[in-house]
Amino acid sequence: MVGSLRKGNKGEEVMLSGWVHRRRDLGGLVFVDLRDRTGLLQLSFGPEDTDEQSLAAAHRLGSEDVIQVEGEVVLRPPEARNSELATGDVEVRVRRLTVLNGARTPAIPVHLGQGEELPSEELRLRNRHLDLRRTKLRDNLELRHRLVLAVRNYLDREGFLEIETPILTRPTPEGARDYIVPSRVHPGEFYALPQSPQIYKQILMAAGYDRYFQIARCFRDEDLRADRQPEFTQIDVEASFVEPDDIFAWIEGLVEVLCEAGGLEGPDSFSRVTYAEALERFGTDRPDLRFDLTIEDWTSALGDSESRILRGAVEGGGRIRGVRVPAGAELSRRQIEELEGLAKAEGAPGLLWLKRSSGEATGPLARFLPESGLGRIGVEDGDLALVAAGEDRVTGPALGAVLAPAGRLTRRPQVRQHAWLWVTDFPLFHEDEGTGALVPGHHPFVLPHPEDLDRLEEDPLAVRSLAYDLVYNGAELGSGSIRIHDPELQRTILNALGLQGEEIDRKFGFLLEALGSGAPPHGGIALGVDRIAKDFVGASSLRDVIAFPKTTAARALFEGAPAPVTSGELEALQLESRGHRAAGGDDPASAGSA
RNA sequence: GGGGCUGUAGCUCAGUUGGUUAGAGUGCCGGUCUGUCACACCGGAGGCCGCGGGUUCGAGUCCCGUCAGCCCCGCCA
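Let me begin by describing the structure that accompanies this report. (Residues numbered from 1 in each chain as written. Chains lettered and ligands numbered in written order. Predicted model: local features only at pLDDT ≥ 70, side-chain atom pairs only at ≥ 80, totals over all residues. Heavy atoms only, no water.)

**What to know about the protein's contact with RNA strand B**
In the vicinity of RNA strand B there are 49 residues, among which Asp25, Ala80, Glu91, His442 and Thr552 approach most closely. Taken together, the sugar and phosphate atoms account for 51% of what RNA strand B places within 4 Å of the protein. Separating a sugar or linking oxygen of RNA strand B from a backbone N or O atom of Gly175 is a distance of 3.2 Å. For RNA strand B, a sugar or linking oxygen lies 3.0 Å from a polar atom in the side chain of Arg543. (Near = heavy atom within 4 Å. Polar contact = N/O pair within 3.5 Å; in protein donor to acceptor, adjacent residues only side chain to side chain.)

Okay, structure coming up:
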């Protein structure tokens, strides 16, 4: 293939096909960089080698024309080798050129010159067939392929069976908004696209398929972000007769395999913290452990200081918490204000701080802190202390937001490049801030922590669960739990979530039926393939690891989805549209641009 | 649903205090060129300044609305 020719292929007669990446026409000689999926190769055309017709055609070649050439692999003259090209020592002297298909001038460039900017994302998405020709995207998709292949092989070796579950499913009452699909056969009834295969995989467990996985497409009709697409792919895993440790062991092995496939240094360790610990020490349930900065409780050390802010916070029932940033004294005032801005964005009124350098303390906090106080919070010469006071729900996120950025700003080496960890014991329920109702922390099928079962009634918000997250460098890459296998307990939880008997049977009867028919204890996890691929290739958006992604408005710009349907189609479904674009033609392009 | 940024040639961008003929690089078209590789050189074409309205003697520039893309909040069991 094009990208694989080397010195050793010298003298070989080859026939190659590909795209004209670039043409350099010297008049007598023509050079063309031929491109295919495997790389670039220089072709040369000249009167000594190339037949007359082909030479004439070579002069007329344009970018992205599809051609086929026959010729001989030769070594380039020594002074004309290109060390930046894998194939740069050789070229193919073309005898015969066939233009398989001409290309109009590309709407966006496939080849970018040095320092040339990418076209706008909108044009890249509108011309996805061209954008996907770029090496970067091709490499991204290839890596993604290798990751998924490694996952399949690994889970197969571990005895897991890949089983497909339906895309047309039952609408679910809770969770994200469903994508809805009308049924023609049953007017007025609807399928939903799965938000995840959660219930199906539990039923598979009940059916005795004790190790299941699926590279599963999931759909959620919610607003998008850089790390959120309306359809996304999960490595969905479930196993019977397991405890969290079994899942952790499998997934840790999986992560190693992924790192190997992705050319990433494998994890040297997997940390574990409970949810409560994570909030206390890192102010978030997905800590970034690349810097070993933590939040400390300085209430007793600083609570008796003269500072009105600090004392007021403590008297109001809050705590004083802070972060010691080793070598942080080198930060400029401006950098510290930057950090304070991050804390404010999380709702804190501000940060108090002090620097200690050359034996002297400076900063707003300095005048409230005698030397002894510095010792009490462990601030050494060269350090910076950042302090927030008040309620935990404010100070936690505020200080948490500052941890990694502070570490980055000091430019001390990261403690580790790849920080993998498990966050465990998530709360079973949250409180809906609007209504005060209980909502599931993860989903309604999570097993309560056995030690907390007796608090289910009197203090449900304090009940922990056997739910866990896989976190990598501060990003949640996976989430799972041990599930409830006892139908009575499941009913109790659904009750607590505000569902009544008849409603439970209607919506979850099939699950309860399966649980009551001899379902084994089981649990699992789902990992986000798109996010993993994004992190592994260092992309800033999921769109760079998805061949045909949606925009932030959930549109597909290339093919123009969603699109209006004809009134006939609506009629067949016995639907009426109140949208102002209803019942248009069936031309998909008409929907894309307004 | 809310906030922010962006929208000028095929592409990437500049465009002064609101001023008369809207520029650059690249791509494209034509020409010269036998060792280029961001080929070089000469010449040329190419504009609904996103769209609609307003202010003004005059709008790419100011105001309002709208559409699209991106980022964030809400939302994402």
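**Some thoughts on the side chain of Arg35**
Along the chain, the position of Arg35 falls in strand 2 (residues 30-36). A polar contact is formed between the side chain of Arg35 and the side chain of His21, at a distance of 2.9 Å. Other than its neighbours up to four places away in sequence, Arg35 contacts Gly18, Trp19, His21, Leu40, Glu64, Val110, Arg133 and Arg138. (Helix = DSSP H or I, 4+ residues; strand = E, 2+ residues; numbered from the N terminus. Contact = heavy atoms within 4.5 Å.)

**A look at the pattern of salt bridges**
Applying the stated rule across the entire model yields 43 salt bridges. Here Asp131 makes a salt bridge to Arg128, at a shortest N to O gap of 2.9 Å. One end of the pair is Asp131 and the other is Arg128, both in helix 3 (residues 128-131) and three residues apart, which spans about a single turn. For the pair formed by Asp131 and Arg128, the shared burial category is buried. (Salt bridge = Lys/Arg side-chain N within 4 Å of Asp/Glu carboxyl O. Buried < 20%, exposed > 50% of the residue type's maximum accessible area, 1.4 Å probe, protein only.)

**Considerations on a negative patch on the surface**
Taken together, the side chains of Asp454, Glu457, Glu458 and Asp459 present a region of like negative charge at the surface. The topology assignment puts Glu458 in the loop between strand 19 (438-440) and strand 20 (467-472). (Patch = residues over 30% accessible without salt bridge, like charges linked within 9 Å, V, L, I, M, F, W, Y side chains within 5 Å. Areas by Shrake-Rupley, 256 points an atom, 1.4 Å probe, with all protein chains shown as cover. Lys, Arg positive; Asp, Glu negative; His and termini not counted. Charge placed at Lys NZ, Arg CZ, Asp CG, Glu CD.)

**A look at the packing of aromatic side chains**
All chains considered together, the criterion is met by nine aromatic pairs. Summarising the aromatic geometry, the rings of Phe160 and Trp250 are spaced 4.9 Å apart at their centres and angled 80 degrees between planes, so their arrangement reads as edge-to-face. Placement of the pair is Phe160 in the loop between helix 4 (135-157) and strand 6 (161-162) and Trp250 in helix 6 (residues 244-262), with a sequence separation of 90 residues. Grouping residues by exposure puts Phe160 and Trp250 together as buried. Relative to Trp422, the ring of Phe270 lies with its centre 6.3 Å away and its plane at 25 degrees, an arrangement referred to as stacked. Of this pair, Phe270 sits in strand 11 (residues 270-274) while Trp422 is found in strand 17 (residues 420-424), placing the two residues 152 residues apart along the sequence. Phe270 gets classed as buried once you look at its relative accessible area, which sits at 17%. One cation-aromatic arrangement involves Arg211 over Phe160; the distance from NZ or CZ to the ring centre is 5.9 Å. (Phe/Tyr/Trp six-rings, centres within 6.5 Å; stacked < 30°, edge-to-face > 60°. Lys NZ or Arg CZ within 6 Å of the ring centre and 35° of its normal.)

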